[in-house]
Amino acid sequence: MRVTGRSAFTATCLAAAALAATGCTAAETPEWDVAVSVGELPPGPFGTRVDHSIVWTGAELFVWGGSGGERGGLHADGAAYAPDTGSWRVIADADLAPRTRHTTVALGDGRVLVWGGTTATHSGDEDGLMARDGAVYDPGSDSWEPIADAPEARHLAPATEVGDHVVFGGGGYRGDLLVYSLEEDAWDSVAVTGVGEWFRVFDLAAVDDEVVLAGATFERMFTGRFRIGDPSAPLVEFVDVEDVGGMYIGLAALPGDGVVLAVEESRQGRLYELDGRGRTATAHEAASFHPPVHTVAFPLLTGEMEFVEGLGVVATNAGEFSLWNADTGLTHRSVSGELDGYCGPVEPVGADVLIGWGGRCETGRIRIDVT
């Protein structure tokens, strides 16, 4: 889904194989001094929206679906913006019903997968307004290819690509993952175990051939990992949190085989850096780093978190972004007031640029340069 600091600390801790971590002691470090400049994007082919998707393909910002704008209602059209030329282009129509809160994944080969979401038409069965269909967009041919329907419908489902599969979690309090094979155009389900009832996956990250998960019930937080082909995804409780109901979390893969888990509760942030086996964690205090997903206000307060070469770990949310430099441990956070009042989603599009498009505020399209 589509991601500024005062102090940091590091200390090595032992963690369970499924990423659990415990407390550490702190050592102060200075704030990361980052210069942020904000400019306006050229107008797009249609007005700004909400509940749409924006993802970076590696060459263009892909915008699709959503609701609102000058025409109102739900949408099934899109456009692509090229930062290098400052130009927009309308993309081909997809044979999908207009929708919001769908999942959009930028694939490693430059294509884009759109799946699920909420439509305006009730299915007449248990799916309700939710969709189970999707399609893959190829920018090279400006064309869409439909994919097989999933075993069930979902909306607001976080996802990540791992190898030639895309793994979808959440979409509500569901105790399983949906796994889609790009090569075979087929779906499978993987049970999440060890979590009890009312569990929701809030974020996923691909690390080599594994998928790392973070989620919570109403009272406890869990983490874990699995490989494609495993019969289940076993999770264990992450014990280093107290108030699951009022926290933000996020995951991001690091260069190599590492992963970082971000947690913020009571305005106190921590980043847990783990190796590829999840056995050794380094904890960093990160008061100015804001993880992307709120466990209660989801999906209203939901963004993305990823590693971007040149920026470090980037977490985005409505009208803001945070940075963490894994080498120095320094953090930076910019919020809506520093971004010309922009309050929509933000997407990194390169080593020093982020783009925002959409939202309900007067400012609906911005370019953010970070130096």
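Residues numbered from 1 in each chain as written. Predicted model: local features only at pLDDT ≥ 70, side-chain atom pairs only at ≥ 80, totals over all residues. Heavy atoms only, no water.

Visitor: Help me out: how do you make sense of the overall build of the chain in this one?
Guide: Along its length, the chain carries 0 helices and 30 strands. Relative to its 371 residues, the chain shows a buried fraction of 56%. Approximately 14,900 Å² of the chain is accessible, and the part contributed by carbon and sulfur atoms is 48%. (Helix = DSSP H or I, 4+ residues; strand = E, 2+ residues; numbered from the N terminus. Buried < 20%, exposed > 50% of the residue type's maximum accessible area, 1.4 Å probe, protein only. Areas by Shrake-Rupley, 256 points an atom, 1.4 Å probe, with all protein chains shown as cover.)

Visitor: What is the right way to look at the packing of aromatic side chains in this model?
Guide: The relative placement of two aromatic rings is captured by the distance of their centres and the angle of their planes. Counted according to the given criterion, the structure contains 14 aromatic pairs. Seen from their ring centres, Trp 88 and Trp 357 are 6.1 Å apart, and the 55 degrees between their planes marks the pair as tilted. Highlighted residues: Trp 88 in strand β6 (residues 87-90) and Trp 357 in strand β29 (residues 353-357), separated in sequence by 269 residues. Taken together through their ring pairs, the aromatic side chains of Phe 46, Tyr 81, Trp 88 and Trp 357 make up a single cluster. Cation over ring: Arg 49 sits above Phe 46, and NZ or CZ is 3.8 Å from the ring centre. (Phe/Tyr/Trp six-rings, centres within 6.5 Å; stacked < 30°, edge-to-face > 60°. Lys NZ or Arg CZ within 6 Å of the ring centre and 35° of its normal.)

Visitor: I tried to follow the environment of Val 212 on my own but got confused; where do I start?
Guide: Mapped onto the elements of the fold, Val 212 is located in strand β16 (residues 210-216). As a C-alpha pair, Val 212 and Thr 160 span 52 residues in sequence and 9.7 Å in three-dimensional space.

Visitor: What am I meant to see in the state of the cysteines here?
Guide: Should the sulfur atoms of two cysteines be covalently bonded, the bond is a disulfide. Applying the stated criterion across every chain yields a total of 1 disulfide. At a sulfur-sulfur separation of 2.0 Å, the disulfide partner of Cys 343 is Cys 361. Residues Cys 343 and Cys 361 share a disulfide whose torsion about the S-S bond is about 120 degrees; that sign makes it right-handed. Of this pair, Cys 343 sits in the loop between β27 (331-334) and β28 (346-348) while Cys 361 sits in the loop between β29 and β30 (365-370); the two residues are 18 residues apart in sequence, bridging distant segments of the chain. In this structure Cys 343 comes out as partly exposed when scored by relative accessible area, which is 24%. (Disulfide = S-S within 2.5 Å.)

Visitor: Would you explain the sheet that holds β27 in this entry?
Guide: In any sheet, the strands associate via hydrogen bonds between backbone groups, in a parallel or an antiparallel arrangement. Strand order in the open sheet made by the 4 strands is β24-β25-β26-β27, with antiparallel pairing throughout. Only two strands of the sheet have a single partner each, and these edge strands are β24 (305-308) and β27. Averaged over all adjacent pairs, the angle separating strand axes in this sheet is 20 degrees, with direction ignored. Of the pairings in the sheet, the one linking strand β26 (residues 320-324) to β27 comprises 4 bridges and is antiparallel in character. The residue of β27 that forms the bridge with Leu 323 is His 332. (Pairing = 2+ DSSP bridges. Axes fitted to C-alpha atoms, helices over the stretch in contact; angles between N-to-C directions.)

Visitor: Teacher, can you tell me more about the side chain of Glu 264 here?
Guide: Position of Glu 264 among the secondary structure elements: in strand β20 (residues 259-265). Of the side chains bearing the opposite charge, Arg 333 lies closest to the buried Glu 264, which forms no salt bridge; the N-O distance is 4.8 Å. Side chain to side chain, Glu 264 and His 290 meet in a polar contact 3.0 Å long. (Lys, Arg positive; Asp, Glu negative; His and termini not counted. Salt bridge = Lys/Arg side-chain N within 4 Å of Asp/Glu carboxyl O. Polar contact = N/O pair within 3.5 Å; in protein donor to acceptor, adjacent residues only side chain to side chain.)

Visitor: Whenever I open this one, the pattern of salt bridges confuses me. Can you help?
Guide: Close approach of charged atoms lets side chains of opposite charge pair. One pass over the structure, following the stated rule, counts 17 salt bridges. One salt bridge in this structure joins Arg 270 and Asp 240, with 3.9 Å as the shortest N-O distance. In this pair, Arg 270 sits in strand β21 (residues 268-274) while Asp 240 sits in the loop between β18 (232-237) and β19 (247-253), placing the two residues 30 residues apart along the sequence. Since its relative accessible area comes to 28%, Arg 270 is described here as partly exposed. Measuring nitrogen to oxygen at the nearest pair gives 3.0 Å for the salt bridge that ties Asp 369 to Arg 367. Here Arg 367 falls in the partly exposed class, since its relative accessible area comes to 26%. Each of Asp 209, Glu 210, Arg 225 and Arg 227 takes part in one network of salt bridges that share partners.

Visitor: What is the right way to look at the sheet that holds strand β3 (residues 53-56) in this model?
Guide: The 4 strands lie next to each other as β3-β4-β5-β6, forming an open sheet whose pairing is antiparallel. In the strand order of this sheet, the two ends are held by β3 and β6, each with one partner. Each neighbouring strand pair of the sheet contributes to a mean axis angle of 20 degrees, computed without reference to strand direction. Bridge analysis of strand β4 (residues 61-64) against strand β5 (residues 78-82) gives 4 bridges, and the strand direction is antiparallel. Within β5, the residue paired with Leu 61 across the bridge is Tyr 81.

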